[in-house]
Amino acid sequence: GVASAAKVKLRGLPYGANLNDVLNFFRGFGITEQHVTFGVNSDGRPSGEAWVAFSRLEDARRAVREKDRHHMGDRYVELFLLNEGGSVAARRG
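Notes on the structure follow. (Residues numbered from 1 in each chain as written. Predicted model: local features only at pLDDT ≥ 70, side-chain atom pairs only at ≥ 80, totals over all residues. Heavy atoms only, no water.)

Now for the pairing of strand S2 (residues 36–40). Two strands pair when backbone bridges link them, and S2 and strand S3 (residues 46–54) are joined in this way by four bridges, in the antiparallel orientation. Residue pairing across strands places Phe38 opposite Ala50, the latter belonging to S3. In this antiparallel pair of consecutive strands, S2 and S3, the connection spans five residues, and Gly44 shows a positive phi of 90 degrees. (Pairing = 2+ DSSP bridges. Helix = DSSP H or I, 4+ residues; strand = E, 2+ residues; numbered from the N terminus.)

This is the structure we're talking about:
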């Protein structure tokens, strides 16, 4: 894994989205394959979720700001900034 200051959860990935799709989505953020984790259902199929580790909290915040509800393929992807415990951080105004 990668030492991360913050993680961003992606929800609503298109079925069959792969590592390259996620790397392209975050082009310019310095994300590599070591930063990306895909969720799977109990039957081993993709859950449509992924987690991306960022080494700097500012980068994670910027990713959410710039990429939330952007499209990947034919789906729009929701982004959530997670705090260290893994739960969704409250959006402070």
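Here the narrative resumes, following the displayed structure.
Time to look at the packing of aromatic side chains. Counted by the stated rule, this structure contains four aromatic pairs. Ring plane angle 85 degrees and centroid distance 5.2 Å describe the contact between Phe25 and Phe26, whose orientation is recorded as edge-to-face. Since its relative accessible area comes to 6%, Phe25 is described here as buried. With a centroid separation of 6.1 Å and an interplanar angle of 85 degrees, the aromatic rings of Phe26 and Phe29 are classed as edge-to-face. Here Phe26 and Phe29 have matching classes, each one buried. An aromatic cluster is built from Phe25, Phe26, Phe29 and Phe54, whose rings are joined through pairwise contacts. (Phe/Tyr/Trp six-rings, centres within 6.5 Å; stacked < 30°, edge-to-face > 60°. Buried < 20%, exposed > 50% of the residue type's maximum accessible area, 1.4 Å probe, protein only.)

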